[in-house]
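Residue-level structure breakdown
The primary structure of each chain is shown beneath.
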Amino acid sequence: MPFRTALSGLNAASADLRVTGNNIANSGTVGFKESRAEFADVFALSQGGISQTAIGTGTKLAAVTQQFGQGNIDFTGNNLDLALNGDGFFVLSDSGSRIYSRAGAFQVNRDGFVVNAQGQRLQVYPSQDELGNQFNTGLLSDLQLSTSEAPPNATTEVETRVNLPAGVDPITIPFDIDDPASFNNATSVTIYDSLGQSHTATLYFRNTAALQWESYLAIDGNTVGGAQALEFNPDGSVLAPTAPVDFGAYDPGNGAENLEIEFDLSAATQYGGAFNVTSLRQDGFTTGRLSGIDIDPTGVVFARFTNGQAQSLGKVALGNFANPQALQQLGDNTWGETFGAGDVILGEADTGNFGLIQSGGLEASNVDIAQQLVNLITAQRNFQANAQVISTADTVTQTIINIR
């Protein structure tokens, strides 16, 4: 009957309109992937599988497939906004269940976990060192930002690069930090104890003979240990010491551990000209608070602290599937695993078939509005045409009934 055939066409056109309308409605949804309605013709078959008639009996909705083409990346300036440029999905934990998404609009909840608007936690490979060189790729964990202060680190070494002026007169009077005539030059550097409190370490230099110098150390105005000899070659390079020197332990007096600092003077020189300090680098730092997050294109997450230190918190994990179109749509821009999609393949950005991660950007919907409007017109015409078939069939039927 043409009525049933036309009715199947109306249902198909209606489904096409719903799919197109859903695409248009989500044209501004971050990470949304458009769908496509796919149809198949219908033939009545006999028991033997041979068509009883050469005329089909209509159409049916065969599938609604997702199109995982790349969407444009819109830059936001928020470091926790992540966009994937290439294949893959962000891996999220929804109360322990693993789900996947292309929407990278993340934020920090009250407990410091990086989550999306639904509270689902971003998964990373945990870092095995603070520099971000090694990650445990066999384990997934929630990405959590430290909400407490970063611990301090006591100074243990100071690298000193100075030029001591050649040709100065030797000093014969005893060294006294309060008497500028008892030394030729001095330079200071800020150091830190185990509690993160700062102290001022001052190095004093005095010439005792040709190519012969002595160095003294004072911390917070208190002399530490005794003199350390410094000897130069005729070309101005250091003859001795070639190893770092230790002036002895110093008690900060605030309950912190004693400071034991080695001073590396192997790069010192004695050239003509003025006293000059090229570099004073020490390895200690005070406490710090979290000041920002940086995520590189490979997904490594670095936390920056107010004490100038940076710490690796993990590496963003990505997932992919042999057949992403078979993933189950869960809503809220997320997908779930299915048998048809295949087993999940976990990996890292910029490796294998995985794309790069763009921090400070979001992947826009891949819906082409112009194309969807054309689809809308086509579906509307199809609906109207099938409705006309029903109207025509009704006229024919009525004519047959009126035959006398």
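This write-up is about the structure you can find in this document. (Residues numbered from 1 in each chain as written. Predicted model: local features only at pLDDT ≥ 70, side-chain atom pairs only at ≥ 80, totals over all residues. Heavy atoms only, no water.)

1. Quick notes on a negative patch on the surface
Stated formally: Candidates for patches are residues over 30% relative accessible area with no salt bridge; among them, like charges are joined within 9 Å and nonpolar side chains (Val, Leu, Ile, Met, Phe, Trp, Tyr) within 5 Å. Under the convention used here, a 1.4 Å probe and the Shrake-Rupley method define accessible areas, while residue burial counts only the protein chains that appear. One speaks of a salt bridge when a side-chain nitrogen belonging to Lys or Arg is within 4 Å of a carboxyl oxygen belonging to Asp or Glu. In this tally, Asp and Glu contribute negative charge and Lys and Arg positive charge; neither His nor the terminal groups of the chain are included. The atom standing in for a charge is NZ when the residue is Lys, CZ when it is Arg, CG when it is Asp and CD when it is Glu. Runs of H or I in DSSP of at least four residues are treated as helices and runs of E of at least two as strands, each being numbered from the N terminus. Summary of the burial criterion: residues with accessible area below 20% of their type's maximum are buried, those above 50% are exposed, and those between are partly exposed, where the area comes from a 1.4 Å probe applied to protein chains only.
On the surface, Glu157, Asp246, Glu260, Glu262 and Asp283 cluster together into a patch of negative charge. Tracing the backbone shows aspartate 283 in the loop between strand S19 (276–282) and strand S20 (290–295). Judged by its relative accessible area of 30%, aspartate 283 is partly exposed.

2. Some thoughts on a nonpolar patch on the surface
Together, Phe39, Leu61 and Val64 line one region of the surface with nonpolar side chains, adding up to about 230 Å² of accessible area. Locating valine 64 in the fold gives a position in strand S2 (residues 58–66). The exposure class of valine 64 is partly exposed, given its relative accessible area of 42%.

3. A word on the side chain of threonine 269
Operational definition: For the purposes of these results, a polar contact is taken to be a pair of N or O atoms within 3.5 Å, where, inside protein, one atom must be able to donate a hydrogen and its partner to accept one; residues adjacent in sequence count only when each atom of the pair is a side-chain atom. Between two residues, a contact is recorded if the distance between any of their heavy atoms is within 4.5 Å.
Structurally, the position occupied by threonine 269 is in the loop between strand S18 (259–264) and S19. Reaching out from threonine 269, the side chain makes a polar contact with the side chain of asparagine 163 at a distance of 2.9 Å. Sequence-distant contacts of threonine 269, that is, excluding residues within four places in its chain, are made with Val162, Asn163, Leu164, Phe232 and Gly236.

4. Topic: helix H1 (residues 2–25)
What counts here: In this analysis, the expected span of each helix is defined as 1.5 Å times one less than the number of residues it contains.
Here H1 is 24 residues long and its end C-alpha atoms lie 34 Å apart, about the 34 Å a rise of 1.5 Å per residue gives. Those residues of H1 not exposed but buried are Ala6, Ser8, Gly9, Leu10, Ala12, Ala13, Ala15, Asp16, Val19, Thr20 and Asn23.

5. Brief notes about the pairing of strand S13 (residues 198–209)
Walk down a regular strand and you will see the side chains alternate between the two sheet faces. Just so we agree on the cut-off: Paired strands, as defined in this entry, are two strands with at least two bridges between them according to DSSP.
Relative to S13, strand S12 (residues 185–192) is paired through eight bridges, and the arrangement is antiparallel. In the strand pairing of S13, asparagine 185 is matched with phenylalanine 205. Between S12 and S13, which follow one another and run antiparallel, lie five residues, and glycine 196 among them has a positive phi close to 85°. Here S13 runs beside strand S14 (residues 212–219); their pairing, made up of eight bridges, is antiparallel. Along S14, the bridge assignment pairs alanine 209 with glutamine 212. The turn linking S13 back onto S14 is made up of two residues, and leucine 211 within it adopts a positive phi angle of 65°.

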